[in-house]
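# Analysis of the macromolecular model
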Amino acid sequence: MITLLAATVISCLQLTAVDGDTIKCNGQNMRLIGDGVPFKSGIDTPEIGGRAKCDRERMLGKEAKKRLAELLREPGVRIEDTGHVDDTDQRRPLVRIRLGNGQLAENILLREGHAIIWRPKVKRPWCG
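An account of the accompanying structure is given in this report. Being a predicted model, the structure only gives us computed values, none of them experimental. (Residues numbered from 1 in each chain as written. Predicted model: local features only at pLDDT ≥ 70, side-chain atom pairs only at ≥ 80, totals over all residues. Heavy atoms only, no water.)

### Here's the deal with helix 1 (residues 55-72)
Two residues of an α-helix separated by three or four positions point the same way, owing to the 3.6 residues in each turn. As a reminder of what qualifies: Every helix listed is a DSSP run of H or I at least four residues long, and every strand listed is a run of E at least two residues long, numbered separately from the N terminus. By this rule, a helix spans an expected 1.5 Å times one less than how many residues it contains. Categorising residues by exposure relies on relative accessible area from a 1.4 Å probe, with only protein chains included: less than 20% of the type maximum marks a residue as buried, more than 50% marks it as exposed, and the intermediate range marks it as partly exposed. By construction, the arc corresponds to the directions joining the helix axis to the C-beta atoms. Residue contacts are counted whenever heavy atoms from the two residues lie within 4.5 Å of one another.
In this model, helix 1 (18 residues) spans 26 Å end to end at C-alpha, consistent with the 26 Å of a helix rising 1.5 Å per residue. Within helix 1, burial applies to Glu57, Gly61, Ala64, Arg67, Leu68, Leu71 and Leu72. Relative to the axis of helix 1, the buried residues are bounded by an arc of 140 degrees and lie together on one face. Away from the buried face of helix 1 by more than 90 degrees, exposed residues Asp55, Lys62 and Lys66 are located. On its buried face, helix 1 sits against strand 2 (15-19), strand 3 (22-25), strand 4 (28-32), strand 7 (93-98) and helix 2 (105-111).

### Topic: the state of the cysteines
Quick note on the threshold: We call a pair of cysteine sulfur atoms a disulfide when they lie within 2.5 Å.
In the structure shown here, the tally under the stated rule is two disulfides. A sulfur-sulfur separation of 2.1 Å characterises the disulfide bridge that pairs Cys54 with Cys127. With the S-S bond torsion at -100 degrees, the cross-link from Cys54 to Cys127 turns out left-handed. Here Cys54 is found in the loop between strand 5 (42-44) and helix 1, whereas its partner Cys127 is found in the segment after strand 8 (116-118), with 73 residues between them in sequence.

### Considering the sheet that holds strand 6 (residues 78-85)
Where we set the bar: Pairing between strands is defined by DSSP: at least two bridges between the two strands are required. With axes taken as lines fitted to C-alpha atoms, and helix axes fitted only over the stretch in contact, angles between N-to-C directions fall between 0 and 180 degrees.
With mixed pairing, the six strands of this open sheet are ordered in space as 1-6-7-4-3-2. Pairing within the sheet leaves two strands with one partner each, and these edge strands are strand 1 (8-10) and strand 2. Along the sheet, successive strands turn relative to each other by an average axial angle of 45 degrees, direction set aside. Examined bridge by bridge, strand 6 and strand 7 share five bridges and lie antiparallel to one another. From the neighbouring strand, Val85 faces strand 7, where its bridge partner is Pro93. Here helix 1 sits on the sheet in contact with strand 2, strand 3, strand 4 and strand 7, set at roughly 165 degrees to strand 2.

It is worth stressing that arrangement in space is one thing and function is another; only the former is reported here.
Here it is, written out as structure tokens:
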């Protein structure tokens, strides 16, 4: 049995990509979860700037951020709040980005190789 929950759509007057898996909506950072389940799975993209562990990760992170920014500019984008927040100090809301055609932006990032499935304690492949 599949249970579908109605998502609350968030209205964003200002919407930007912070990195490949984080957006800023009206000044608040929000973490993308895709089809994931809070604290069990979601998406992960390479870090940018000083948080990157190597030059390759930094480069891949910039590409992921650029692609997310492109997706955010598509007509009909909706930010769907899952009702959960991440477990960082920021307590970022966990959201999904639904495009006008119904696809999740997160699934596009996964399919195109800009993101991987996030799971707790799984090593990230960005630096080899």
